[in-house]
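What the coordinates show
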Amino acid sequence: MASFKDTMTSERPIKIELGREMELEEIYEKMNQRASDFKMPFKLKKGLFGKKIEFERDSDLELVVTVTVKGSEVTVRPIVQQNHTTVGVGGFEARVDKNGMLRKGFRGVLEMPAERGKRVAETAEIIKNILTC
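Residues numbered from 1 in each chain as written. Predicted model: local features only at pLDDT ≥ 70, side-chain atom pairs only at ≥ 80, totals over all residues. Heavy atoms only, no water.

Right, let's talk about the overall build of the protein for a bit. If you tally the helices and strands in the protein, you get 3 helices and 7 strands. Helices (α) and strands (β) of the protein occur, in sequence order from the N terminus, as α-β-α-β-β-β-β-β-β-α. The 133 residues of the protein split such that 32% are buried. The long-range share in the protein, meaning contacts at least 24 apart out of those at least 6 apart in sequence, stands at 53%. Carbon and sulfur atoms make up 51% of the accessible area of the protein, which amounts to about 8,500 Å² in all. (Helix = DSSP H or I, 4+ residues; strand = E, 2+ residues; numbered from the N terminus. Buried < 20%, exposed > 50% of the residue type's maximum accessible area, 1.4 Å probe, protein only. Contact = heavy atoms within 4.5 Å. Areas by Shrake-Rupley, 256 points an atom, 1.4 Å probe, with all protein chains shown as cover.)

This is the structure:
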């Protein structure tokens, strides 16, 4: 079972310090060359708050991973996007979608944050290996 520390640190961003400044497009190109190393596809997005590299949503973990850069610091940030269905009977509500307790069990629901943290850490490690080579 996941430890309390794993659960609490699972949604914190991971920062990678590079030896030099890089543009997000340059990072995207390097990541794109080794796209098969990642578990989820990704794309470069431009939005209201600037540019970012965004991985496709993992529906099992309800997770989207984004990558941003500021100077020589790359930030890998987890974003939890929960879409769930609940059914209430007599004051009791239960989640009934595929990630709910009825399907995954009590242990599966408790371990989900740690699994998210593991996925983000793996992704950050792959990015770090690509950018420091």
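Before going further, it helps to spend a moment on the side chain of Glu 62. Topologically, Glu 62 is positioned in the loop between strand E3 (50–55) and strand E4 (63–70). A polar contact of 3.2 Å, which involves the side chain of Glu 62, links it to the side chain of Arg 116. (Polar contact = N/O pair within 3.5 Å; in protein donor to acceptor, adjacent residues only side chain to side chain.)

It is worth spelling out the pattern of salt bridges at this point. Counted according to the given criterion, the structure contains 9 salt bridges. Residue Arg 34 pairs with Asp 37 through a salt bridge whose shortest N-O separation is 2.7 Å. Overall, the relative accessible area of 33% leaves Asp 37 in the partly exposed class. If you follow the salt bridges from partner to partner, you end up with Lys 45, Lys 52 and Glu 54 in one network. (Salt bridge = Lys/Arg side-chain N within 4 Å of Asp/Glu carboxyl O.)

Our next topic: the pairing of E4. In this sheet, E4 lies alongside E3 in antiparallel orientation, the contact comprising 2 bridges. Residue Glu 54 lies in a different strand from E4, and its bridge partner there is Thr 66. Between E4 and the antiparallel strand that follows it, strand E5 (residues 73–80), lie 2 residues; Gly 71 among them carries a positive phi value of about 65°. (Pairing = 2+ DSSP bridges.)

Generally speaking, nonpolar side chains in soluble globular proteins are found buried as a group. If you look at the biggest cluster of nonpolar residues, it comprises 24 residues, and the most contacted ones within it are Met 31, Ile 53, Phe 55, Val 76, Ile 127 and Leu 131. Elements with a minimum of two residues in this core: helix H2 (24–33), E3, E4, E5 and helix H3 (101–132). A total of 6 residues in this core trace back to one element, the largest contributor, which is H3. Sequence-distant contacts of Ile 53, that is, excluding residues within four places in its chain, are made with Leu 24, Ile 27, Tyr 28, Met 31, Phe 42, Lys 43, Leu 44, Val 65, Thr 66 and Val 67. (Core = buried A, V, L, I, M, F, W, Y, C linked by side-chain atoms within 4.5 Å.)

A word on the sheet that holds strand E1 (residues 14–17). Strand order in this open sheet of 5 strands is E1-E5-E4-E3-E2, and the pairing throughout is antiparallel. Edge positions in the sheet fall to E1 and strand E2 (42–47), since each of these pairs with one other strand and no more. Ignoring strand direction, the axes of neighbouring strands in this sheet form an average angle of 25°. In this structure, E1 lies alongside E5, joined through 4 bridges in antiparallel fashion. Directly across from Glu 17, in E5, lies its bridge partner Glu 73. (Axes fitted to C-alpha atoms, helices over the stretch in contact; angles between N-to-C directions.)

By convention here, two paired aromatic rings are described through the distance between centres and the angle between planes. The final tally for this structure, using the stated rule, is 4 aromatic pairs. Pairing Tyr 28 with Phe 42 gives two aromatic rings, centres 5.8 Å apart and planes at 90°, and the pair type is edge-to-face. Residue Tyr 28 is located in helix H2, and its partner Phe 42 is located in strand E2; the two are separated by 14 residues in the primary sequence. The residues Tyr 28 and Phe 42 share a single accessibility class, namely buried. Aromatic pair Phe 38 and Phe 42: ring centres 5.3 Å apart, planes at 80°, arrangement edge-to-face. Under the relative-accessibility criterion, Phe 38 is labelled buried at 8%. (Phe/Tyr/Trp six-rings, centres within 6.5 Å; stacked < 30°, edge-to-face > 60°.)

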